[in-house]
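Single-letter residue listing:
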Amino acid sequence: MSARPLILQLDIAGNPCRWITYEDAAYYYAKDLVAWTPTEDGFTIHGGKSRMTGTTSFMDLATIIAVRGEVSDKGLYRTPTLTNRALFRRDQNVCAFCGEEYGHDHLTRDHVVAQSRGGKDVWTNVVTACGPCNRRKDDHNLHDIDMKLLYVPYAPSRSEYLLLMNRNVLADQMEFLTAKIPAYSHVHIDNLKEHVSKKK
Ligand SMILES: [Zn+2]
């Protein structure tokens, strides 16, 4: 795996699609498929030395590129897949009931309306919970057992999902994606733990 940062691929209309390696980006440049870029930021990659001229080839890559043609990713406009990894990141590892922050190993997926009561396994019905809070809640209704949610669950947009799933987002990529994320998102709350502690 390369240590270089990933490049954000957009479709021609500017919708964020996915993270690609710089090799993939170089391929799009070489095929003249990069239509435009919203950023000045980028870096240069160097290729081999030409035996004919003795010069080294290089290519300038932008950190965000809009690629012409095929948007083959069928998942592009669909709600991102719900996984524990993405869920815990959405909720900044903060338990929705006690408001404490934990490592992934101590966190669970809690269904606000329990599945045994017909609750669905979807973004808008799940929150991050620590083990003890999850066991305490069990399959009760919250109002029956005097527990309450410290934040409201929501489905992340594709932009937010891309942000959550890449640990090495560059400043301009961060700015581009964040601008597309709705105000209710946890992305706009710097420290969710601090934020919810005021609600307890
Ligand atoms: Zn808890």
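Structure first, text after, so check above.
Let me begin by describing the structure that accompanies this report. Just so it is clear, the model here is predicted, and its values are computed rather than measured. (Residues numbered from 1 in each chain as written. Predicted model: local features only at pLDDT ≥ 70, side-chain atom pairs only at ≥ 80, totals over all residues. Heavy atoms only, no water.)

**A look at the overall build of the chain**
Turning to step 1, where the next piece is worked out: A count of helical and extended segments in the chain gives six helices and eight strands.
Turning to step 2, where the next piece is worked out: In the chain, the succession of α and β elements from N to C terminus is β-β-α-β-β-β-β-α-β-β-α-α-α-α.
Turning to step 3, where the next piece is worked out: The C-alpha atoms of the chain give 21 Å as radius of gyration, which overshoots the globular expectation for 200 residues (16 Å, by more than 25%).
Turning to step 4, where the next piece is worked out: Taken along the three principal axes of its C-alpha coordinates, the chain extends 80 × 30 × 25 Å.
Turning to step 5, where the next piece is worked out: When each of the 200 residues of the chain is scored for burial, the buried share is 42%. (Helix = DSSP H or I, 4+ residues; strand = E, 2+ residues; numbered from the N terminus. Rg over C-alpha atoms; globule rule 2.2 N^0.38 Å. Buried < 20%, exposed > 50% of the residue type's maximum accessible area, 1.4 Å probe, protein only.)

**Considering the coordination of the zinc ion**
Turning to step 1, where the next piece is worked out: Donor atoms from the polypeptide that bind the zinc ion are C95 (SG), C98 (SG), C130 (SG) and C133 (SG), placed at 2.3 Å.
Turning to step 2, where the next piece is worked out: Taken together, the four donor atoms coordinating the zinc ion and their angles of 100 to 119 degrees define a geometry best described as tetrahedral.
Turning to step 3, where the next piece is worked out: Look at where the donors of the zinc ion fall in the sequence and you get C-x2-C-x31-C-x2-C. With C98 in the loop between α2 (84–90) and β7 (107–111) and C130 in strand β8 (residues 126–130), the pair connects residues that are 32 residues apart, well separated along the chain. Per residue, the accessibility class of C98 equals that of C130, and both read buried. (Donors = N, O, S within 2.8 Å, 3.2 Å for Na, K, Ca; no water. Tetrahedral: all angles 85-135°; square planar, octahedral: opposite > 155°, others 65-115°.)

**Some remarks on the side chain of D11**
Turning to step 1, where the next piece is worked out: Mapped onto the fold, D11 is located in the loop between β1 (7–10) and β2 (16–20).
Turning to step 2, where the next piece is worked out: Despite its burial, D11 pairs with no opposite charge, the nearest such side chain being K180 at 7.9 Å.
Turning to step 3, where the next piece is worked out: At 3.0 Å, the side chain of D11 and the backbone nitrogen of A13 are in polar contact.
Turning to step 4, where the next piece is worked out: There is a polar contact of 2.8 Å between the side chain of D11 and the backbone nitrogen of N15. (Lys, Arg positive; Asp, Glu negative; His and termini not counted. Salt bridge = Lys/Arg side-chain N within 4 Å of Asp/Glu carboxyl O. Polar contact = N/O pair within 3.5 Å; in protein donor to acceptor, adjacent residues only side chain to side chain.)

**Here we look at the packing of aromatic side chains**
Turning to step 1, where the next piece is worked out: Scanning the entire structure with this criterion turns up two aromatic pairs.
Turning to step 2, where the next piece is worked out: Taken together, a centroid distance of 5.8 Å and an interplanar angle of 65 degrees make the contact between Y27 and Y28 edge-to-face.
Turning to step 3, where the next piece is worked out: Residue classification places Y28 among the buried positions, given a relative accessible area of 7%.
Turning to step 4, where the next piece is worked out: Here the aromatic rings of Y154 and Y184 are separated by 5.3 Å at their centres, their planes lie at 70 degrees, and the arrangement is edge-to-face. Residue Y154 is found in the loop between α3 (131–137) and α4 (158–165), and its partner Y184 is found in the loop between α5 (171–178) and α6 (192–197); the two are separated by 30 residues along the sequence.
Turning to step 5, where the next piece is worked out: Over the ring of Y22 we find R4; its NZ or CZ atom is 4.6 Å from the centre of that ring.
Turning to step 6, where the next piece is worked out: Above the ring of Y154, the side-chain terminus of R90 is found at 5.3 Å from the ring centroid. (Phe/Tyr/Trp six-rings, centres within 6.5 Å; stacked < 30°, edge-to-face > 60°. Lys NZ or Arg CZ within 6 Å of the ring centre and 35° of its normal.)

**Considerations on the sheet that holds strand β3 (residues 34–36)**
Turning to step 1, where the next piece is worked out: Taken together, the four strands give an open sheet; going across it, the order is β2-β1-β6-β3, and neighbouring strands pair in mixed fashion. For this open sheet the edge positions go to β2 and β3, each flanked by a neighbour on one side alone. Here the average twist between neighbouring strands, direction ignored, is 45 degrees.
Turning to step 2, where the next piece is worked out: Strand direction decides the pairing type here: β1 and β2, joined by four bridges, are antiparallel. Of the residues in β2, the one forming a bridge with L10 is P16.
Turning to step 3, where the next piece is worked out: Each of β1 and β2 is contacted by α4, which is oriented at about 15 degrees to β2, the strand it contacts most.
Turning to step 4, where the next piece is worked out: Against the sheet, α5 touches β1, β2 and β6 (64–67), its axis set at about 35 degrees to β1. (Pairing = 2+ DSSP bridges. Axes fitted to C-alpha atoms, helices over the stretch in contact; angles between N-to-C directions. Contact = heavy atoms within 4.5 Å.)

Note that every value here comes from positions in space, so none of it alone points to a role or purpose.
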